[in-house]
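Tertiary structure, described
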Amino acid sequence: MQIIQSTQGLKMSLALGMSLALTLACPIQVSAAPIDLVLTRTSTLTNVDDSEGLWQYDGGEVSLGGDLVGYYARKKRVSDGVILNAATVEMTLFADGASPPQNLTLLGSHSFNSGDEIGSVSAASSDFSAFIGIQFSIDGASDVLTLEAP
């Protein structure tokens, strides 16, 4: 099982690393292709009400090209003071393999109208640190997470 997990984590690391390498290797402004990851929720979507609003939690698998490469944990915060039918969103992607796992943390906003999310990479472990600051989007209809190349 550990060999499979290491191979899957390596796939995620290679995909993100290749995008970064292409960007750094080109001195002129050429951007690498975005990386599309598919999110598959495997946990129950959990809502927790409190005096200020609502927390929403979910988690699941991350796939690249049909291969499982990691997992995600996501939380959304709805404040009673925000009337936009929107929430803050924080999601961490965990690459399969190492313990503790290499990771990327995304911060942004979620639209309850469309299910779409936008934001940027706010923190990352050493393997993914060059991705801090890049933009992301999630298509709410397909659950495809797109990481723009740095």
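Below or above, wherever it landed, is the structure these notes cover. (Residues numbered from 1 in each chain as written. Predicted model: local features only at pLDDT ≥ 70, side-chain atom pairs only at ≥ 80, totals over all residues. Heavy atoms only, no water.)

**Side note on the layout of surface pockets**
By rolling a water-sized probe across the atoms, one finds the places where empty space is left. Each pocket or cavity is described by its volume, and for the largest pocket that value is around 200 Å³. Lining of the largest pocket is provided by 14 residues; of these, Arg41, Arg74, Lys76, His110 and Asp143 occupy positions nearest its centre. Broken down by secondary-structure element, the contributors of at least two residues to the lining of the largest pocket are β3 (53-64) and β4 (67-79). Considering each element in turn, the lining of the largest pocket owes the most residues, 3 residues, to β4. Its residues assigned to classes, the lining of the largest pocket shows 4 nonpolar, 4 polar and 6 charged. (1 Å grid on protein atoms, 1.4 Å probe; cavity = no way out; pocket = protein on both sides within 12 Å on 5 of 7 lines; lining within 4 Å. Points joined across faces, edges and corners; volume = space filled by probe spheres on them. Helix = DSSP H or I, 4+ residues; strand = E, 2+ residues; numbered from the N terminus. Nonpolar A, V, L, I, M, F, W, Y, C, P; charged D, E, K, R; others polar.)

**Digging into the packing of aromatic side chains**
How two aromatic rings sit relative to each other is given by the distance of their centres and the angle of their planes. Inspection of every chain in the model, using the stated rule, returns 1 aromatic pair. Between the aromatic rings of tryptophan 55 and tyrosine 57, the centroid separation amounts to 6.3 Å while the plane-to-plane angle is 15 degrees, which identifies the pairing as stacked. Note on tryptophan 55: relative accessible area 27%, which makes it partly exposed. A relative accessible area of 34% places tyrosine 57 in the partly exposed class. (Phe/Tyr/Trp six-rings, centres within 6.5 Å; stacked < 30°, edge-to-face > 60°. Buried < 20%, exposed > 50% of the residue type's maximum accessible area, 1.4 Å probe, protein only.)

**Brief notes about the side chain of serine 125**
Along the chain, the position of serine 125 falls in the loop between β7 (117-124) and β8 (135-139). Looking at serine 125, the relative accessible area reads 14%, which means it is buried. A distance of 2.7 Å separates the side chain of serine 125 from the backbone nitrogen of asparagine 103, its partner in a polar contact. Once residues within four sequence positions are removed from consideration, serine 125 is found in contact with Gln102 and Asn103. (Polar contact = N/O pair within 3.5 Å; in protein donor to acceptor, adjacent residues only side chain to side chain. Contact = heavy atoms within 4.5 Å.)

**Observations regarding the environment of valine 121**
By the secondary structure assignment, valine 121 is in strand β7. Looking at valine 121, the relative accessible area reads 1%, which means it is buried. The spatial distance from the C-alpha of valine 121 to the C-alpha of leucine 147 is 8.7 Å, given a sequence separation of 26 residues. Ignoring any residue separated from it by four or fewer positions in sequence, one finds valine 121 in contact with Leu104, Thr105, Leu106, Phe131, Ile132, Gly133, Ile134 and Leu147.

**Let's talk about the pattern of salt bridges**
Scanning all chains against the criterion turns up 4 salt bridges. Put simply, arginine 74 and glutamate 117 hold a salt bridge, and the shortest N to O gap is 3.2 Å. Of this pair, arginine 74 sits in strand β4 while glutamate 117 sits in strand β7, and the two are 43 residues apart along the sequence. Residue arginine 74 shares its accessibility class with glutamate 117, and that shared class is buried. (Salt bridge = Lys/Arg side-chain N within 4 Å of Asp/Glu carboxyl O.)

**Description of unusual backbone geometry**
Each neighbour pair has its own omega, and for serine 99 with proline 100 the value is 0 degrees, a cis peptide bond. By the element assignment, proline 100 lies in the loop between β5 (86-95) and β6 (103-111). Positioned with a positive phi, asparagine 85 is a non-glycine residue whose angle comes to about 55 degrees. Locating asparagine 85 in the fold gives a position in the loop between β4 and β5. Under the relative-accessibility criterion, asparagine 85 is labelled partly exposed at 38%. A positive phi is found at aspartate 143, a non-glycine position, where the angle reads about 60 degrees. Relative to the helices and strands, aspartate 143 resides in the loop between β8 and β9 (144-147).

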